[in-house]
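Read off the chains here:
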Amino acid sequence: MYKRQPLYGDEIEEDINPIEAGLDLSFFLNLEKKAYFFGRAAIERIKAHGVTRKRIGFKLLEKGIPRHNYPILNKTGEQIGFVTSGVYSPINDCGIGMGYVPLEYTQEGTELLIQIRKKQVPAVVVPIPFYDTEKYGWKRKTTA
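Residues numbered from 1 in each chain as written. Predicted model: local features only at pLDDT ≥ 70, side-chain atom pairs only at ≥ 80, totals over all residues. Heavy atoms only, no water.

## Focus: the overall build of the protein
Then comes step 1: If you tally the helices and strands in the protein, you get one helix and six strands.
Then comes step 2: What you see in the protein, going N to C, is helices and strands ordered as α-β-β-β-β-β-β.
Then comes step 3: Within the protein, the fraction of its 144 residues that count as buried is 40%.
Then comes step 4: Looking at the protein as shown, the accessible area adds up to about 9400 Å², and 52% of this sits on carbon and sulfur atoms. (Helix = DSSP H or I, 4+ residues; strand = E, 2+ residues; numbered from the N terminus. Buried < 20%, exposed > 50% of the residue type's maximum accessible area, 1.4 Å probe, protein only. Areas by Shrake-Rupley, 256 points an atom, 1.4 Å probe, with all protein chains shown as cover.)

Right, here's the structure in full:
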């Protein structure tokens, strides 16, 4: 579940654009410098009109494992989005996942509910990646 490697069919699909997915397009997309590239008009159209939803990361506050297409609910129990992928994280010792929600629910610390079978499990929006990048991963500081 790394920020730059979303799975097609989960985090990105035909009806989910790269801006909603939070993809870092800067490594190949510079509208000012590139005269033409495939998809330029679509990206410009999306940027002009804006987006209504975004991909978020979340962690569960109780026991459970979120799975693809489970509903994401607001605090009152109304469905506002859906889970794209989820797993148990040994590093965080909890269930973590990603999903799409309206913009007003994307702030870090926002409380949500994930419908896991017949139970509504509390969750909170967290930044992606889900781990401390100074302690784990390729960016970590080493003392070699």
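## Quick notes on the environment of Ile 91
Then comes step 1: Note that Ile 91 resides in the loop between strand 3 (79-89) and strand 4 (94-102).
Then comes step 2: Residue Ile 91 is classed as partly exposed on the basis of its relative accessible area of 48%.
Then comes step 3: The spacing of Ile 91 and Tyr 131 is 40 residues in sequence and 7.3 Å in space, taken between C-alpha atoms.
Then comes step 4: If we ignore the near neighbours within four places in the chain, the residues touching Ile 91 are Tyr 131 and Tyr 136. (Contact = heavy atoms within 4.5 Å.)

## Concerning the side chain of Gln 115
Then comes step 1: Mapped onto the elements of the fold, Gln 115 is located in strand 5 (residues 111-116).
Then comes step 2: For Gln 115, the side chain forms a polar contact with the side chain of Gln 120, separated by 3.5 Å.
Then comes step 3: Setting aside its immediate chain neighbours within four residues, Gln 115 contacts Tyr 70, Pro 71, Leu 73 and Gln 120. (Polar contact = N/O pair within 3.5 Å; in protein donor to acceptor, adjacent residues only side chain to side chain.)

## Considerations on the pairing of strand 3
Then comes step 1: With three bridges connecting them, strand 2 (residues 71-73) and strand 3 associate as antiparallel partners. Residue pairing across strands places Pro 71 opposite Phe 82, the latter belonging to strand 3.
Then comes step 2: The turn linking strand 2 back onto strand 3 is made up of five residues, and Gly 77 within it adopts a positive phi angle of 95°.
Then comes step 3: Across seven bridges, the pairing between strand 3 and strand 4 is antiparallel. Looking at strand 4, one finds that Val 83 is bridged to Gly 99. (Pairing = 2+ DSSP bridges.)

## Regarding the sheet that holds strand 3
Then comes step 1: In spatial order, the strands read 1-4-3-2-5-6; together these six strands close into a barrel with antiparallel pairing. Neighbour-to-neighbour, the strand axes of the sheet open up by a mean angle of 45°, direction not taken into account. (Axes fitted to C-alpha atoms, helices over the stretch in contact; angles between N-to-C directions.)

## A short note on the packing of aromatic side chains
Then comes step 1: Counted according to the given criterion, the structure contains one aromatic pair.
Then comes step 2: Over the aromatic face of Tyr 100 sits the side chain of Arg 53, whose NZ or CZ is 5.4 Å from the ring centroid. (Phe/Tyr/Trp six-rings, centres within 6.5 Å; stacked < 30°, edge-to-face > 60°. Lys NZ or Arg CZ within 6 Å of the ring centre and 35° of its normal.)

## Side note on the pattern of salt bridges
It is possible for side chains of opposite charge to pair when their charged atoms get near one another.
Then comes step 1: A full pass over the atoms with the stated rule returns two salt bridges.
Then comes step 2: The partner of Glu 20 in a salt bridge is Arg 53, and the shortest N-O contact between them spans 3.2 Å. Here the residue Glu 20 occupies a position in the segment before helix 1 (40-49), and Arg 53 occupies one in strand 1 (residues 53-60), the gap between them amounting to 33 residues. (Salt bridge = Lys/Arg side-chain N within 4 Å of Asp/Glu carboxyl O.)

## Some details on the nonpolar core
Then comes step 1: Core analysis: the largest hydrophobic core is formed by 15 residues, its most contacted members being Phe 58, Leu 60, Ile 72, Leu 112 and Ile 114.
Then comes step 2: Contributions of two or more residues to this core are made by strand 1, strand 3, strand 5 and strand 6 (119-126).
Then comes step 3: Aside from chain neighbours lying at most four places away, what touches Leu 60 is Ile 65, Pro 66, Cys 94, Gly 95, Ile 114, Ile 116, Val 121, Pro 122 and Ala 123. (Core = buried A, V, L, I, M, F, W, Y, C linked by side-chain atoms within 4.5 Å.)

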